Amino acid sequence: MEGRLKGQATTNVAPPLHTVKPLRRTIFNRVFAAIYALAILTLLYYHAKTLIYSTTLVSFSTTLALLFSDLVLAFMWVNTQTFRMCPVYRKQFPENVEKVLKRSDFPAFDVFVCTADPYKEPPIGVVNTALSVMAYDYPTEKMSVYISDDGGSALTLFAFMEAAKFATHWLPFCKKNNILERSPEALFESNHPCTSESEKIKMMYESMKDKVGHVLERGKVGDQYITSDHEREAFNKWSNNFTRQDHPAVIQVLLDASKDKDIDGYSMPNLIYISRGKGKASPHHFKAGALNALLRVSGSMTNAPMILSLDCDFRSNDPQTPLRVLCYLCDPAISPDFAYVQFPQLFQGINKSDIYNAEYKRLFQINMLGFDGLSGPNHVGTGGFFRRRSFFGSPSRLISPEIPELAPDYVVDKPIQSHSILSLAHRVANCNYENQTDWGSKIGFRYGSLVEDYYTGFRMHCEGWKSSFCNPDRPAFFGDVPTSLIGALDQQKRWSVGLLEVGFSKYSPATYGVRTRGPLMGLAYAQVAFWPLWSIPITAYAFLPQLALLNKVYIFPKVSEPWFFLYAFLFLGAYGQDCLEFILAGGTIQRWWSDQRFWIIRGITSYVFGSMEFFLKFLGISAFGFTVTSKAVDAEQSKRYEQGIFEFGVHSPMFVTLTMAAIINLISFSQGLVEVCRGNDLEGLFVQMFISGFAVVNCWPIYEAIALRNDNGKMPIKTTIMATLLAGAFYAAASFICR
């Protein structure tokens, strides 16, 4: 199989395909880490000393809580430093690929796109994703696009039948005119010059979009939309299978590269719709199960040595992206333990200040550079080009699947629509096929976590595989972002559950990862796995100093004391370095402020509730369900998002804790001002007032939503009342303890 991925040099000295260099700030990072570590140890000494000499139960309890919180902060800080020890920057030269490898020798690749709900993930969006990669500047006969529809929806199948027709016009249009935005929606929303040809293509696209939208609105595909016996047969097959609760797989070849041509007579990529077979007796493992079904089905039909995994709301933005991947996969100097190339998740439609931190610059860009200097970046669910071989055991030990046709080096020598190929594809597309096999444990995407992307990439690295981060000037992909606060928090809550499933498993990065990949790589993965633990110090500092201030208990050093400067250095040092990294990564001060604010918001909402959900499940008290993040767009909500206005609108327990924190901090800060006006010494109050004031500034959108807004996105009255009552209960409990 490796022979299919390596090129033959056409000259004695091959031109460079990629370069790598360390970031200049590495030395500064290491020196600052050493200084900051000494400051943390000094703070822990201060806490221990204060704890020993505590004379009251209140003082002892408060100091113990702060000590525990700061220990968690120290643990997370140590993990974060792993990204700062040896970050690197890579550059690719896709223009040199064809100097090293003939175009006819390019490896084939399969594209996996998963969708699960036609109403939360509108089919026209999924169609745009598929069309954008089908139009890559790559030999079409070497490309296959597989659509996994876990919702088993005739609406999605219909959308792709229409997309297959439109693609015969769209692909040649893009290539003849050298279009870069190869998602129709993106192109027609841009300032692309209008020509008679582009207007004709736009009319065809709008016609297709209207058909799909009308069918989605009605909830069914009417006979007036079925234009051929082929389509009628497909829908009959769909309806016969999905009228039963236990249904077999549905596989529909919509485009066959060996037969179907575009309007210019050139081959089309394979386009294959799959709805895997499900049954109540067999677990389906959510997206990881869908991806493994795609691995098996694609293995039986095309078995390309290269695989692109793409979320249904991510569209290609650069038709030369596969050539950037070949800069690594076809470089003879790349070691055989190279598994995948990871592109960052980048998003369109983010408002100017990025109020919900949808950019995730630290997760998807800054930390990736640090990962890349170790063994390579983690997989982030989309935009990952994999060697198929990497899903079948370690680089040195191939784990053979149950049947030889699914092996990564098996060569498919029959047409994809032959009876034997389709028969095997249907067989391996069923969930119950995995029973008593290695799928999900040793082969394919790994089961056991809701964040299958993170877990699979981590397990690959532990097996000895490596990866590279590719972040070109022109983004390879663009995705959509949640435009409501509850959507963003629900997504984070789901991630929190999945990450803790890994963090507290036998494959925990803090133990198994450190043992197999060394302390730096292991702790880098641990920084992500234990994200929800940020909830401990954030919640403590959101409530404890404020409740103490309300009860005139002063728990921090005075401004005139030397220990105050330790706190000041720790706060300013952490925030200053974080801001510097954000700006150097191309961010703005405004977006950095939103980033740190949303980190606090997550800490007292999604991290808390995600941790509770995980531990309840761990204790067997309750179970959770997987929910798809909605990609549907509401016009009013979108308008408020564009204006930078927070969207509440619905009642949620997460909004209760958020509002409760906002209320307590506002009252606490006000109480501090009253004490200062009464002549109380500001020196003793300063740190607690600063923490409360900092929280009040961050909570301004919440105060607006409670008292200053009348739109549909304001804070529900029920949420405000519940938060107020709970805040009162917290104050009463704290007052009772402080007596």
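Residues numbered from 1 in each chain as written. Predicted model: local features only at pLDDT ≥ 70, side-chain atom pairs only at ≥ 80, totals over all residues. Heavy atoms only, no water.

- You'll find the chain entered in an unreviewed UniProt entry as Cellulose synthase-like protein G2, with Populus tomentosa given as the organism.
- Turning to the chain, the UniProt record has this under Subcellular location (unreviewed entry): "Endomembrane system". (UniProt positions renumbered as here; feature names shortened; annotations may be inferred.)

### Observations regarding the confidence of the model for the chain
(1) Moving on: The predicted model of the chain averages 91 in pLDDT, with 93% of residues at 70 or higher.
(2) Moving on: With pLDDT under 50 throughout, residues 1-11 is counted as low confidence; its partners more than four residues away or in other chains account for 27 contacts. (pLDDT = per-residue confidence, 0-100. Contact = heavy atoms within 4.5 Å.)

### A short note on the UniProt feature "active site" (unreviewed entry) in the chain
(1) Moving on: UniProt annotation of "active site" (unreviewed entry) refers to D150 and D453 when read in the numbering used here.
(2) Moving on: The residues touching D150, leaving out its near neighbours within four places in the chain, are T115, A116, R276, K278, F286 and A290.
(3) Moving on: Here R276 takes part through its side chain, which lies 2.8 Å from a polar atom of the side chain of D150.
(4) Moving on: Looking at D453, the relative accessible area reads 17%, which means it is buried.
(5) Moving on: Every residue in contact with D453, bar those within four places of it in the chain, is listed here: H379, V380 and G381. (Polar contact = N/O pair within 3.5 Å; in protein donor to acceptor, adjacent residues only side chain to side chain. Buried < 20%, exposed > 50% of the residue type's maximum accessible area, 1.4 Å probe, protein only.)

### Considerations on the sheet that holds strand β9 (residues 338-342)
(1) Moving on: Pairing is mixed across the open sheet formed by 8 strands, whose spatial order is β5-β6-β4-β3-β7-β10-β9-β13. In this open sheet, the two edge strands, each paired with only one partner strand, are β5 (250-255) and β13 (466-469). Taken pair by pair, the neighbouring strands of this sheet meet at an average axis angle of 20°, ignoring direction.
(2) Moving on: Where β5 and strand β6 (residues 270-275) come together, 5 bridges link them in antiparallel fashion. Bridging from a neighbouring strand, L255 pairs with L271 of β6. (Pairing = 2+ DSSP bridges. Helix = DSSP H or I, 4+ residues; strand = E, 2+ residues; numbered from the N terminus. Axes fitted to C-alpha atoms, helices over the stretch in contact; angles between N-to-C directions.)

### Details of the UniProt feature "binding site: UDP-alpha-D-glucose" (unreviewed entry) in the chain
(1) Moving on: Mapped onto the present numbering, the UniProt feature "binding site: UDP-alpha-D-glucose" (unreviewed entry) falls at K120, E121 and D150. What stands out for the annotated residues spanning 31 residues is how close their C-alpha atoms remain, the widest pair being 12.6 Å apart.
(2) Moving on: Here K120 is to be found in the loop between β3 (109-115) and α5 (123-134).
(3) Moving on: Under the relative-accessibility criterion, K120 is labelled partly exposed at 31%.
(4) Moving on: Along the polypeptide, D150 turns up in the loop between β4 (143-149) and α6 (154-176).
(5) Moving on: Its relative accessible area of 17% is what places D150 among the buried residues.

### A word on the pattern of salt bridges
(1) Moving on: As enumerated under the stated definition, the model contains 30 salt bridges in all.
(2) Moving on: Across the salt bridge formed by E675 and K552, the nearest N and O atoms sit 3.7 Å from each other. Pair noted here: E675 is in helix α22 (residues 653-677) and K552 is in the loop between α17 (535-550) and α18 (562-584), with a separation of 123 residues, a long-range link.
(3) Moving on: Here R640 makes a salt bridge to D711, at a shortest N to O gap of 3.9 Å. Within this pair, whereas R640 is found in helix α21 (residues 635-642), its partner D711 is found in the loop between α24 (700-708) and α25 (717-738), the two being separated by 71 residues in sequence.
(4) Moving on: Residue classification places R640 among the buried positions, given a relative accessible area of 8%. (Salt bridge = Lys/Arg side-chain N within 4 Å of Asp/Glu carboxyl O.)

### Examining the packing of α18 against helix α19 (residues 589-603)
(1) Moving on: Between α18 and α19, whose axes approach to 10 Å, the crossing angle comes to 130°. Taken together, α18 and α19 sit at an angle that is classed as oblique. Seen along the crossing, α18 lies across α19 with a hand that is right-handed. Counted together, Y575, D578, C579, F582 and I583 of α18 and I589, R591, W592, D595, Q596, W599 and I600 of α19 form the full contact between these two elements.
(2) Moving on: Partitioning the contact of α18 with α19 into residue classes produces 8 nonpolar, 1 polar and 3 charged. (Parallel < 35°, antiparallel > 145°, perpendicular 65-115°, else oblique. Left-handed = near helix turned anticlockwise from the far one by under 90°. Nonpolar A, V, L, I, M, F, W, Y, C, P; charged D, E, K, R; others polar.)

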